[in-house]
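A closer look at the structure
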Amino acid sequence: MSRWQTQPLLEVEHLTMRFGGLVAINDLSFTVGQGDITALIGPNGAGKTTVFNCITGFYKPTEGRIALRHGEQSIWQELPRATQASGRKWAKGGSSLWLLERMPDFEVSAHAKVARTFQNIRLFQGMTVLENLLVAQHNPLMLASGWSVLGILGFSGYKKSEKASIEKATYWLDKIGLIDRADDPAGDLPYGAQRRLEIARAMCTDPVLLCLDEPAAGLNPRESLELNTLLRSIRTDEGTSVLLIEHDMSVVMEISDHVVVLDYGTKISDGSPSEVKADPKVIAAYLGVEDDEVEEIEAEVAS
Amino acid sequence: MEVFLQQLINGITLGSIYGLIAIGYTMVFGIIGMVNFAHGDVFMVSAFIAVITFLIVTTWLGIGSIALALFICLIAAMVLTSIWNWTIERVAYRPLRGSFRLAPLISAIGMSIFLSNFVQVAQGPRNKPVTPMLTDVITLIRSDIYSVTISYKQIMIWAVTAVLLMGFWYLVQKTPLGRAQRACEQDRKMASLLGIDVDRTISLTFVMGAALAAVAGVMYMVYYGVVSFSDGFTPGVKAFTAAVLGGIGSLPGAVIGGLLIGLIEVFWSAYFTIDYKDVAAFSILVVVLIFMPQGILGKPEVEKV
Amino acid sequence: MSHDAPAAAPSIDWSRTLKDAVITGLIATAILGPFIGLVTVQDMEHRLILQTRWPLFLALLAILVVGRLLLQIFVWGRPAKPKRAPLALPPSVERIAAPFFIGLLFVFPISVLFALGPQGSIKWIDNYGIQILIYIMLGWGLNIVVGLAGLLDLGYVAFYAVGAYSYALLAKTFGLSFWVLLPLAGILASFWGIILGFPVLRLRGDYLAIVTLAFGEIIRLILINWVDFTSGYAGISGIPRPTLFGIPFNASDNGFAATFGLEFSPIHRTIFLYYLILALALLTAFVTTKLRRLPIGRAWEALREDEIACRSLGINTTTTKLTAFATGAMFAGFAGSFFAARQGFISPESFTFMESANILAIVVLGGMGSLWGVVIAAVALVGGFELMREMDFLKLIFGTDFDPTQYRTLLFGAAMVGIMLWKPRGLISTREPTAFLKERKAVSGSLVTEGHG
């Protein structure tokens with residue numbers, strides 16, 4: 001049994017998203033294992049980013065359930081009851097389940113602790129690298145500043161928290177190799193560094209699940225390699241599970257533990273990288289062959 | 001019933017004027033995504049041009065025929081207002097294309113202030129009344145208490161608006177110029193790659209908007225018989241409301257929105273209180289923008305993440 | 001008409017230049033002919049007739065054509081100079097300049113008083129000092145909404161009106177003192193900021209601008225039409241003046257002059273009002289500077305840069321926008337109650353769209369987000385506006401009928417356009433970071449986003 005079956009962190013069930021008449025995602029179910037790097041792949045227009053937008057609350061799915069676990073595995077038994085209840089969160093004995101489809105985008109990040117990056121990088125260009133990382137720690141800092149009141153009056157409690165948040169930012173800047181550029185505007189960074197900064201910024205929200213939308217797009221081979229190291233370290237050192245959309249097969253095959261393949265909004269394959277690589281349906285989808293030819297290819301692969 | 005019918009006639013007349021101004025807002029927004037704040041004042045300038053031309057024609061040239069005089073007024077106002085708006089675009093908006101996003105809007109606000117004060121300084125702050133014209137009425141329903149009438153000037157406003165709108169519709173839908181304009185609305189960069197002179201097309205959009213605003217200006221002069229330098233702001237906001245209500249970017253939408261705003265204003269004044277009629281117009285603007293920003297005929301906007 | 005003449009060839013294409021001059025002349029004739037060459041006036045019987053002003057028209061036409069010709073030959077024909085870097089105040093300069101500037105503000109009324117005496121100085125302290133400080137304060141307040149949070153608000157004057165009317169009505173009806181009503185006016189204005197802000201926050205860009213404009217107009221129209229409550233156009237007069245903690249500024253026995261053994265003079269109140277608005281303005285600046293370095297201020301700026309990214313980081317954009325609206329409105333409320341207390345009379349006339357445009361122009365011209373920019377812009381625009389009153393010598397040139405104040409608004413509109421063309425990002429377009437690791441470096445204006453709404 002693989003980890004995504006024994007220790008699921010996120011369960012997507014029967015997810016369907018329609019825009020007017022267009023069905024972008026059709027009855028999609030998959031799980032993300034705790035501690036896994038899960039890749040969501042598929043040809044252009046397969047609906048991958050839409051899945052991301054549903055998970056992170058930017059779109060409200062037409063149908064389906066997206067559940068995330070904090071704490072013990074046993075909490076999954078409570079899922080039917082959590083669904084029956086009206087709330088977005090179901091807690092029991094220190095563990096909890098979050099029903100992400102019921103939450104607006106900012107709450108998904110603030111409470112359910114799912115962070116994301118964007119296909120077209122969305123940094124705060126006119127703010128410095130350090131400020132970008134501080135904005136990511138907005139919610140705890142807001143609390144420490146007493147919703148700004150204590151902060152204006154200059155209470156020392158806030159100063160301490162601000163110092164801690166700068167230390168955290170420094171830790172991440174070290175990790176992504178941008179410590180020397182901390183005081184430069186984010187918009188001045190080269191493309192690859194902007195990608196890394198966006199990942200670090202997402203990590204500053206202390207997520208349990210990090211969703212990356214094409215993190216390797218536009219990177220050169222060396223930067224791509226650095227990205228692999230960073231993602232592995234996020235998984236092992238930080239204990240954050242990673243869900244990523246990627247086109248670069250070398251990245252997908254090398255670092256992911258679990259691959260889910262989408263085509264036209266439907267799941268066509270799900271398994272370990274080697275299993276997926278050998279799946280004739282996947283090959284057909286990527287090469288763009290007709291359905292009746294799939295059998296021929298299957299026969300070819302088998303021989 | 002009689003009152004209703006009479007207000008319907010008045011509302012359609014007023015609505016035609018708003019619709020003509022609204023087209024200018026909608027076209028400019030469609031092509032460069034900017035609220036041309038000064039458009040209401042361009043309309044006011046055109047009404048002044050109409051008054052001045054009317055005086056030249058009737059007092060200096062001594063033309064007695066009102067129809068001929070108004071025709072000359074219409075042509076002069078359309079041509080001169082087009083030149084005004086072309087120059088305004090050239091001076092105040094074109095250099096800011098592709099710059100800081102707020103810059104053209106601020107520049108347009110400045111232009112609006114400039115235009116109304118220019119007219120105030122050049123022509124004086126007093127109202128400019130012209131001799132009432134086309135005042136004869138046709139009585140549609142005769143009754144002792146309330147007669148429903150339609151005046152010649154209302155008939156003229158309806159007729160001229162309808163004819164010019166049809167001509168304009170043909171221009172936009174069937175001519176290469178209209179095609180270039182619609183192409184620029186879709187994708188300016190692509191249009192330019194395909195050899196369309198984007199700057200020229202945008203200039204022509206301003207010219208067309210001004211020409212229609214000038215028609216509205218002449219109609220305004222005929223209908224109310226008085227113009228003032230401050231007449232740009234409120235009709236401008238109402239016409240903008242009409243453009244948004246109809247669905248900004250949509251030409252039929254602008255006309256429908258204009259008629260609706262005209263009707264709402266007239267009925268509000270007739271059945272509620274005239275004091276708050278402008279409050280009603282602004283409130284509609286707020287409600288429409290908040291609850292149906294795509295308007296009646298506009299396309300809904302999907303947030304791109 | 002091309003502005004980017006070839007850099008290598010400074011020789012002038014005469015035929016093109018002349019053609020350009022002719023076209024300029026034709027366009028100017030079409031535009032100015034009916035408006036300058038002709039003028040509509042009413043005769044004795046109130047009939048509209050036309051009069052001609054050809055000499056004036058020809059003079060203007062000549063100025064335009066010759067001006068453009070000279071520009072063509074001497075400016076646009078030359079290779080363009082490399083652009084200078086935008087004006088940036090290095091932090092070190094700011095550290096020295098700020099106390100110097102504030103000190104200057106503190107000694108201004110005293111030194112004017114000594115230089116010109118009580119009679120001569122009242123105009124300078126009131127029309128220039130207090131007037132400019134009101135606009136600086138309003139500019140700083142609006143700067144929070146437009147400059148930091150990137151929400152374009154064209155109805156800011158509504159909150160100024162709420163502050164002024166709150167003070168006027170509550171002081172007249174309940175006899176409450178200025179010092180009680182000042183915070184109350186701020187709270188009421190920020191309450192209105194939240195009420196008006198809530199429905200419009202989903203809107204962006206120009207739509208937000210237009211809705212806020214509509215709200216501003218609705219409030220003004222209600223002030224005009226709700227006569228029982230506001231006295232309509234007539235306005236409210238006899239508004240109680242502020243006191244120095246209970247000591248009134250009048251000629252009575254317990255008045256300020258008598259208490260401190262001075263000879264009564266209206267200048268005392270003017271100077272008191274000056275320091276009052278100075279304190280309020282400095283409070284605004286202090287709170288803004290503090291807030292920028294707090295998470296809320298950073299969230300405002302992040303919101304201006306990229307709203308979607310903010311939401312992905314768990315920032316509640318609705319409350320963040322509302323706090324910006326409410327904070328900005330609160331300062332407008334303070335300024336409004338000061339305005340009512342200073343004038344003693346308010347009417348809807350003071351709260352027109354022109355005022356909103358004025359304040360917005362100060363923020364945008366100064367450079368969005370920059371406190372110093374607002375100061376420079378307010379001094380230039382408001383001071384310039386007031387200086388137009390002083391231009392009596394122009395009557396010697398243009399004749400006694402010439403009234404320079406007539407041209408104030410005209411020039412103001414033209415200046416707004418001109419400034420946008422000259423510096424679309426305002427005078428000070430660099431942004432100062434709110435936190436730093438090693439050194440504070442200013443962020444160039446070209447990177448700073450202008451906001452979505």
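Residues numbered from 1 in each chain as written. Chains lettered and ligands numbered in written order. Predicted model: local features only at pLDDT ≥ 70, side-chain atom pairs only at ≥ 80, totals over all residues. Heavy atoms only, no water.

A closer look at the overall build of chain A
In terms of regular secondary structure, chain A is built from 14 helices and eleven strands. Against the compact-globule benchmark of 19 Å for 303 residues, chain A has a radius of gyration of 20 Å, which places it among compact chains. Dimensions of chain A along its principal axes, counting C-alpha atoms only, are 75 × 50 × 40 Å. Across the 303 residues of chain A, 57% fall into the buried class. For chain A, the share of sequence-separated contacts (at least 6 apart) that also reach a separation of at least 24 residues comes to 67%. Accessible surface, chain A as shown: approximately 12700 Å² in total, 52% of it carbon and sulfur. (Helix = DSSP H or I, 4+ residues; strand = E, 2+ residues; numbered from the N terminus. Rg over C-alpha atoms; globule rule 2.2 N^0.38 Å. Buried < 20%, exposed > 50% of the residue type's maximum accessible area, 1.4 Å probe, protein only. Contact = heavy atoms within 4.5 Å. Areas by Shrake-Rupley, 256 points an atom, 1.4 Å probe, with all protein chains shown as cover.)

Brief notes about the overall build of chain C
The number of helices and strands found in chain C is 16 helices and four strands. Taking contacts inside chain C between residues at least 6 apart in sequence as the whole, the part at least 24 apart equals 71%.

Digging into the sheet that holds strand 4 (residues 63-70) of chain A
Residues and elements named next belong to chain A. Spatially, 2-1-4-6-5 is the arrangement adopted by the five strands of the open sheet, whose pairing is antiparallel. Since the sheet does not close on itself, it has two edges, and those belong to strand 2 (22-33) and strand 5 (89-92), each with one partner. Put simply, the sheet's adjacent strands are angled 15° from each other on average, direction ignored. (Pairing = 2+ DSSP bridges. Axes fitted to C-alpha atoms, helices over the stretch in contact; angles between N-to-C directions.)

Re the packing of aromatic side chains
By the definition in use, this model includes 29 aromatic pairs over all chains. When the centroid spacing of 5.6 Å and the interplanar angle of 80° are considered together, the rings of A:Tyr171 and A:Trp172 count as edge-to-face. According to the relative accessible area criterion, A:Tyr171 is partly exposed, its value standing at 40%. According to the relative accessible area criterion, A:Trp172 is buried, its value standing at 3%. Here the aromatic rings of B:Phe233 and C:Phe353 are separated by 5.5 Å at their centres, their planes lie at 25°, and the arrangement is stacked. Residue B:Phe233 is located in helix 9 (residues 233-246), and its partner C:Phe353 is located in helix 13 (residues 353-366); the two belong to separate chains. On the basis of relative accessibility, which here comes to 22%, the residue B:Phe233 falls in the partly exposed class. (Phe/Tyr/Trp six-rings, centres within 6.5 Å; stacked < 30°, edge-to-face > 60°.)

A closer look at unusual backbone geometry
All names here are of chain A. Notably, His14 is not glycine yet its phi reads approximately 50°, a positive angle. Residue position: His14 is located in strand 1 (residues 8-19). Its identity as a non-glycine residue notwithstanding, Glu214 has a phi of 50°, on the positive side. Locating Glu214 in the fold gives a position in the loop between strand 8 (209-213) and helix 10 (221-236). Given a relative accessible area of 10%, Glu214 falls into the buried group.

Structural notes on the interface of chain C and chain B
Taken together, the 65 residues of chain C in the interface contact 67 residues of chain B. Of the roughly 5800 Å² buried where chain C meets chain B, counting both sides, 77% is carbon and sulfur surface. Of all residues in chain C, C:Phe35, C:Leu48 and C:Tyr207 bury the most surface against chain B, accounting for 13% of the area lost on that side. At the junction of chain C and chain B, the tally comes to zero salt bridges. (Buried area = accessible area lost by both parts, 1.4 Å probe. Salt bridge = Lys/Arg side-chain N within 4 Å of Asp/Glu carboxyl O.)

Description of the domain arrangement of chain C
Buried accessible area, meaning the area lost when the parts come together, often serves as the stated size of an interface. With domains assigned, chain C is organised as domain 1 (14-76) and domain 2 (101-422). Its C-alpha centre places domain 1 of chain C at a distance of 39 Å from the equivalent point of domain 2 of chain C. (Domains from an automatic or database assignment.)

Re the nonpolar core
B:Met221 and C:Ile346 are the most contacted members of the largest nonpolar core, which has 234 residues in total. With residues near it in sequence (within four places) discarded, B:Met221 still touches B:Ala50, B:Val51, B:Phe54, B:Leu70, B:Cys73, B:Val130, B:Met133, B:Val226 and B:Val227. (Core = buried A, V, L, I, M, F, W, Y, C linked by side-chain atoms within 4.5 Å.)

Some points on the domain arrangement of chain A
All names here are of chain A. Considered domain by domain, chain A is made up of domain 1 (1-113 + 208-272) and domain 2 (122-205). Here domain 1 and domain 2 have C-alpha centroids that lie 25 Å from each other. Every contact between the two is made by 20 residues of domain 1 and, on the other side, 13 residues of domain 2. Among the residues of domain 1 in contact with domain 2, Leu210, Leu230 and Glu238 are the three that bury the most area, contributing 33% of the side total. Remark: the boundary between domain 1 and domain 2 carries three salt bridges. Residue Arg196 is joined to Glu226 by a salt bridge in which the shortest nitrogen-to-oxygen separation is 3.3 Å.

With respect to the sheet that holds strand 3 (residues 37-41) of chain A
Residues and elements named next belong to chain A. Ordered by their spatial adjacency, six strands build an open sheet running 7-8-9-3-10-11, and the pairing between neighbours is mixed. Edge positions in the open sheet fall to strand 7 (114-116) and strand 11 (266-271), since each of these has one partner strand only. Each strand of the sheet is rotated relative to its neighbour by a mean of 20°, with strand direction disregarded. Packed on one face of the sheet, helix 2 (residues 48-55) meets strand 3, strand 7, strand 8, strand 9 (241-245) and strand 10 (258-263) and runs near 140° to strand 9. Across the face of the sheet, helix 10 comes into contact with strand 3, strand 8 and strand 9 while running at roughly 130° to strand 3.

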